[in-house]
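# A structural walkthrough
Okay, here's what each chain looks like letter by letter:
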Amino acid sequence: MVRIEFVRGDITEQAVDAVVNAANSSLLGGGGVDGAIHRKGGPEILSECRDLRASRYGKGLPTGQAVATTAGRLPARWVVHTVGPVWSATEDRSELLASCYRESLRVADELGARTVAFPAISTGIYGWPIEDGARIAVETVRAADTAVETVRFVLFDERAYAAFAEHA
Ligand code: ADP
């Protein structure tokens with residue numbers, strides 16, 4: 001079973017095998033976690049993302065899927081980019097959010113990653129309520145069939161940390 005840790009911090013500073021990026025489907029950068037990863041990781045990551053757009057993902061990376069690049073100047077070895085769903089009050093998109101965590105772990109398995117750090121996907125610019133986002137994240141990782149040994153949830157602020165720690 002995967003060991004789960006919760007820390008307050010910055011995803012770009014995690015010395016793990018793979019950090020997960022809350023990307024958007026363009027793969028060409030954005031705000032929040034995405035902006036921070038490209039800023040600190042340097043241009044190499046963006047260049048690999050551009051190649052992925054040109055080869056495998058002409059229409060963009062679909063919501064709920066994940067793909068890896070190297071991590072440039074970040075302490076991690078790889079970045080796993082995944083696209084969370086935008087929160088909707090009228091449509092239940094929970095399965096897509098769960099898919100982000102499952103697919104990221106599947107990609108991490110393919111890479112041979114043993115330690116993976118996740119941000120709270122979709123809970124920033126994409127508007128997902130943090131309590132619900134935390135529950136889906138932890139339940140999905142706990143139930144995942146993966147060779148990853150440690151998953152670290154990296155929460156940027158106290159409110160997000162508290163929401164995740166509820167599920168410890
Ligand atoms: P999304 O577009 O999927 O909502 P965001 O990057 O806007 O993604 O936000 C996802 C979560 O990550 C939010 O809870 C936000 O507060 C948090 N966050 C923003 N920057 C960082 C960072 N550098 N490290 C960890 N978490 C971050």
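For the structure, see preceding data.
Predicted model only: the values in this text are computed from it and were never measured. (Residues numbered from 1 in each chain as written. Predicted model: local features only at pLDDT ≥ 70, side-chain atom pairs only at ≥ 80, totals over all residues. Heavy atoms only, no water.)

In terms of regular secondary structure, the protein is built from five helices and six strands. Overall, the protein shows an N-to-C arrangement of helices and strands of β-β-α-α-β-β-α-β-α-β-α. Radius of gyration (C-alpha) of the protein: 14 Å, near the 15 Å computed for a compact globule of 168 residues. Split into buried and exposed, the 168 residues of the protein put 49% on the buried side. Considering only intrachain contacts with a sequence separation of at least 6, the fraction spanning at least 24 residues in the protein is 70%. Computed over 18 positive and 22 negative side-chain charges, the separation of the two mean positions in the protein equals 4 Å. (Helix = DSSP H or I, 4+ residues; strand = E, 2+ residues; numbered from the N terminus. Rg over C-alpha atoms; globule rule 2.2 N^0.38 Å. Buried < 20%, exposed > 50% of the residue type's maximum accessible area, 1.4 Å probe, protein only. Contact = heavy atoms within 4.5 Å. Lys, Arg positive; Asp, Glu negative; His and termini not counted. Charge placed at Lys NZ, Arg CZ, Asp CG, Glu CD.)

Strand order in the open sheet formed by six strands is β1-β6-β5-β2-β4-β3, with mixed pairing between adjacent strands. The open sheet terminates on both sides in strands that have one partner only, identified here as β1 (3–8) and β3 (66–70). Taken over all neighbouring pairs, the strand axes of this sheet differ in orientation by 25° on average, direction set aside. Relative to strand β5 (residues 115–118), strand β2 (residues 18–23) runs parallel, the two sharing two bridges. Bridging from a neighbouring strand, valine 19 pairs with alanine 117 of β5. Along the sheet face, helix α5 (residues 158–165) touches β1 and β6 (150–155) and points at about 160° away from the line of β1. (Pairing = 2+ DSSP bridges. Axes fitted to C-alpha atoms, helices over the stretch in contact; angles between N-to-C directions.)

Looking now at the site of the ligand. In the region of the ligand, 15 residues are neighbours, and Val33, Ser122, Thr123, Gly124 and Ile125 sit closest. Taking isoleucine 11, its main chain carries an N or O atom lying 2.9 Å from a nitrogen atom of the ligand. Here isoleucine 125 contributes a backbone N or O atom positioned 2.8 Å from an oxygen atom of the ligand. Considered on its own, the ligand offers 560 Å² of accessible surface; in the complex 90% of this is hidden by protein. Broken down by element, the shell around the ligand gets its largest block of residues, three residues, from helix α1 (residues 32–41). Tallied by class, the residues present in the shell around the ligand amount to nine nonpolar, five polar and one charged. (Near = heavy atom within 4 Å. Polar contact = N/O pair within 3.5 Å; in protein donor to acceptor, adjacent residues only side chain to side chain. Areas by Shrake-Rupley, 256 points an atom, 1.4 Å probe, with all protein chains shown as cover. Nonpolar A, V, L, I, M, F, W, Y, C, P; charged D, E, K, R; others polar.)

In this section: the nonpolar core. The nonpolar side chains of soluble globular proteins are, as a tendency, buried together. Residues Tyr101, Val116, Phe118, Val141, Val151, Phe153 and Phe164 are the most contacted members of the largest nonpolar core, which totals 35 residues. Of all the secondary-structure elements, those providing two or more residues to this core are β1, β2, β4 (78–83), α3 (94–111), β5, α4 (130–143), β6 and α5. Apart from residues no more than four positions distant in its own chain, phenylalanine 153 is found in contact with Ile4, Glu5, Phe6, Val7, Tyr101, Phe118, Ala137, Val138, Val141 and Phe164. Val19, Leu52, Ala76 and Val154 belong to the second largest nonpolar core, which has 18 residues in total. (Core = buried A, V, L, I, M, F, W, Y, C linked by side-chain atoms within 4.5 Å.)

Turning to the pattern of salt bridges, a few remarks are in order. Considering all chains together, one arrives at 13 salt bridges under this definition. Glutamate 95 is the partner of arginine 102 in a salt bridge, and the nearest nitrogen-oxygen pair spans 2.3 Å. The partner of glutamate 149 in a salt bridge is arginine 114, and the shortest N-O contact between them spans 3.5 Å. Residue glutamate 149 is found in the loop between α4 and β6, and its partner arginine 114 is found in the loop between α3 and β5; the two are separated by 35 residues along the sequence. Taking the relative accessible area as the measure of exposure, glutamate 149 reaches 46% and is therefore partly exposed. (Salt bridge = Lys/Arg side-chain N within 4 Å of Asp/Glu carboxyl O.)

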